[in-house]
There are 2 protein chains.
Amino acid sequence: MNSLGRHILAEFHECDPAMLNDPAAIEQAMKEAAEASGATIVQSVFHMFSPYGVSGVVVVAESHLAVHTWPEYGFAAVDYFTCGEVDAGAAIRCLEERFAAGRVTSREIERGLLGVSGEGPGAFASPGSEEPAGVLTGPGNREPAGVLTGPGNREPAGVLTGPGNREKT
Amino acid sequence: MNSLGRHILAEFHECDPAMLNDPAAIEQAMKEAAEASGATIVQSVFHMFSPYGVSGVVVVAESHLAVHTWPEYGFAAVDYFTCGEVDAGAAIRCLEERFAAGRVTSREIERGLLGVSGEGPGAFASPGSEEPAGVLTGPGNREPAGVLTGPGNREPAGVLTGPGNREKT
């Protein structure tokens, strides 16, 4: 069976507490990690909590790299969802160094397993397009042949519907 | 053992393909799901891909709710990371309805398991603060007693370090 995406969950223990409470440093480390993996950064959102701790997400092409930190426990939880040919291990190693982690564990979970009865690319065509789904090169690869600009990555179309909005509802 | 966070991974199969290709509708559904779970929305980032598919993240207080869709497979992968007292099940049920999913599976993974040798709240104090970590009410609860404004949630301090930036490096 093929899966549409991979989701890497990594736990960073015994990290530098000061690092884990510095949102600017964490954002920089997360961007470096995304780049180290070969991903294309689309946007990032980071914020810190009172009294301490940082959460943030780097949205990369067709996936995301998220972090939540507990400086008081020297702990950071990272997850990297990807559908492309990125080297998630390189991202984890980059963060291990930046966080000065003493111990790292990770697991990989396949998301969107195909091969279940009746599943496969359907007759879906995007609105306003006559392009049939049949131009897909095969299950587990969502790029029509010849449209790829990079290995295994969909390109963001630039339609960010709500960047920078800050809602408290 | 206590865990610092919970990570719910949910797979939505046999969804409405048109819905899964509509970034505005998905963003609205994800915000409704976050609110249905009792979470406080901090920020959201959504974008769509060519030829189809949507990715997005709703950053909520101390956690995130992310989605990646494959309209051509009628499939959406959702993950909800939370440290607070949110009702993640309510979010999943909301999305099941909004996506018109025929089949939903989910699993919950504990993140940041405590009880490992030597782990516990350390002597960390936030920069510029004399507040010792000892005011924490206990492992697995990161809010100092009396500072909570809601059940189990840290409050975002409003220090969004990079909202709305769009980087292509």
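Residues numbered from 1 in each chain as written. Chains lettered and ligands numbered in written order. Predicted model: local features only at pLDDT ≥ 70, side-chain atom pairs only at ≥ 80, totals over all residues. Heavy atoms only, no water.

(A) Seen up close, the overall build of chain A. When helices and strands are tallied, chain A shows 2 helices and 9 strands. Put simply, chain A runs from its N terminus to its C terminus through helices and strands in the order β-α-β-β-β-β-α-β-β-β-β. Split into buried and exposed, the 169 residues of chain A put 57% on the buried side. When the accessible surface of chain A is totalled, it reaches about 6,200 Å², and 50% of it is carbon and sulfur. (Helix = DSSP H or I, 4+ residues; strand = E, 2+ residues; numbered from the N terminus. Buried < 20%, exposed > 50% of the residue type's maximum accessible area, 1.4 Å probe, protein only. Areas by Shrake-Rupley, 256 points an atom, 1.4 Å probe, with all protein chains shown as cover.)

(B) Structural view of helix H2 (residues 88-98) of chain A. Of all the residues in H2(A), the buried ones are Ala88(A), Ala90(A), Ala91(A), Ile92(A), Cys94(A) and Leu95(A). On the buried face of H2(A), the contacting elements are strand S1 (3-13), helix H1 (23-36), strand S5 (75-82) and strand S6 (103-113) of chain A. (Contact = heavy atoms within 4.5 Å.)

(C) Main features of the packing of helix H2 (residues 23-36) of chain B against helix H3 (residues 88-98) of chain B. All names here are of chain B. Two numbers describe how H2 lies on H3: the axes approach to 7 Å, and their chain directions differ by 150°. Between H2 and H3, the interaxial angle falls into the category roughly antiparallel. Remark: the crossing between H2 and H3 carries right-handed chirality. Two secondary-structure elements touch here, H2 through Ala29, Met30, Glu32, Ala33 and Ala36 and H3 through Ala90, Ala91, Cys94, Leu95 and Arg98. (Axes fitted to C-alpha atoms, helices over the stretch in contact; angles between N-to-C directions. Parallel < 35°, antiparallel > 145°, perpendicular 65-115°, else oblique. Left-handed = near helix turned anticlockwise from the far one by under 90°.)

(D) The side chain of Glu11(B), seen in detail. Structurally, Glu11(B) is set in strand S1 (residues 3-13). Of note is the side chain of Glu11(B), whose polar atom sits 2.4 Å from the side chain of Arg111(A). A distance of 2.8 Å separates the side chain of Glu11(B) from the backbone nitrogen of Gly112(A), its partner in a polar contact. Setting aside residues no more than four positions away along its own chain, Glu11(B) makes contact with Arg111(A), Gly112(A), Phe75(B), Ala76(B), Arg103(B), Val104(B), Thr105(B) and Arg107(B). (Polar contact = N/O pair within 3.5 Å; in protein donor to acceptor, adjacent residues only side chain to side chain.)

(E) Structural view of the pattern of salt bridges. Throughout the structure, instances matching the rule amount to 16 salt bridges over all chains. Note that Glu11(A) is salt-bridged to Arg111(B), the shortest N-O span being 2.4 Å. Pair noted here: Glu11(A) is in strand S1 and Arg111(B) is in strand S6 (residues 103-113), and the two residues belong to different chains. For Glu11(A), a relative accessible area of 6% puts it in the buried group. Accessibility expressed as a relative area gives 0% for Arg111(B), which makes it buried. A cluster of three or more residues bridged by salt bridges with shared partners is formed by Glu11(A), Arg107(A) and Arg111(B). (Salt bridge = Lys/Arg side-chain N within 4 Å of Asp/Glu carboxyl O.)

(F) Representation of H1(A) within the structure. Residue and element names in this part refer to chain A. Counted at 1.5 Å a residue, the expected span for H1 with its 14 residues is 20 Å, and the 19 Å between its end C-alpha atoms agrees. Those residues of H1 that sit buried are Pro23, Ile26, Glu27, Ala29, Met30, Lys31, Ala33 and Ala34. Packing partners of the buried residues in H1 comprise strand S2 (41-50), strand S3 (54-60), strand S4 (63-70), S5 and H2. Near the N-terminus of H1, the side chain that reaches the backbone nitrogen of Ala24, with its oxygen 3.2 Å away, is that of Asp22. Residue Gly38 follows H1 closely and has a positive phi angle near 90°. (Expected span 1.5 Å × (residues − 1).)

(G) Summary view of the side chain of Ser55(A). Inspection of the secondary structure assignment puts Ser55(A) in strand S3. For Ser55(A), the side chain forms a polar contact with the side chain of His68(A), separated by 2.7 Å.

(H) Quick peek at the packing of aromatic side chains. All names here are of chain A. Applying the stated criterion across every chain, the model contains 6 aromatic pairs over all chains. Seen from their ring centres, Phe12 and Phe99 are 5.6 Å apart, and the 80° between their planes marks the pair as edge-to-face. Separated by 87 residues along the polypeptide, Phe12 in strand S1 and Phe99 in the loop between H2 and S6 bring together distant segments of the chain. Of the two residues, Phe12 and Phe99, neither departs from the other in class, the shared state being buried. (Phe/Tyr/Trp six-rings, centres within 6.5 Å; stacked < 30°, edge-to-face > 60°.)

(I) Inspection of the pairing of strand S3 (residues 54-60) of chain B at higher detail. All names here are of chain B. Within S3, 7 of the 7 residues are buried, which leaves the element mostly enclosed by the surrounding structure. With burial as the criterion, each face of S3 is covered, one bearing Val54, Gly56, Val58 and Val60 and the other bearing Ser55, Val57 and Val59. As defined by bridge partners, strand S2 (residues 41-50) adjoins S3 across 7 bridges and the pair is classed as antiparallel. Of the residues in S3, the one forming a bridge with Ile41 is Val60. By the bridge criterion, 6 bridges tie S3 to strand S4 (residues 63-70) in an arrangement that is antiparallel. Counterpart to Ser55 in the pairing with S4 is His68. (Pairing = 2+ DSSP bridges.)

(J) Inspection of unusual backbone geometry at higher detail. Within the chain, Ala100(A) stands out as a residue other than glycine whose phi angle is a positive 55°. Mapped onto the secondary structure, Ala100(A) falls in the loop between H2 and S6. One non-glycine residue, Glu14(B), lies in the positive phi region at around 55°. Its location among the elements puts Glu14(B) in the loop between S1 and helix H1 (17-20). Residue classification places Glu14(B) among the partly exposed residues on the basis of a relative accessible area of 43%.

(K) The arrangement of the confidence of the model for chain A in detail. Residues and elements named next belong to chain A. A residue-level look at chain A finds 66% of positions with pLDDT of 70 or above and a mean pLDDT of 76. The model gives residues 126-169 a pLDDT under 50, and that stretch makes 115 contacts with residues more than four places away or in other chains. Across the interfaces of the predicted complex, the ipTM metric reaches 0.73, alongside a pTM of 0.74. (pLDDT = per-residue confidence, 0-100.)

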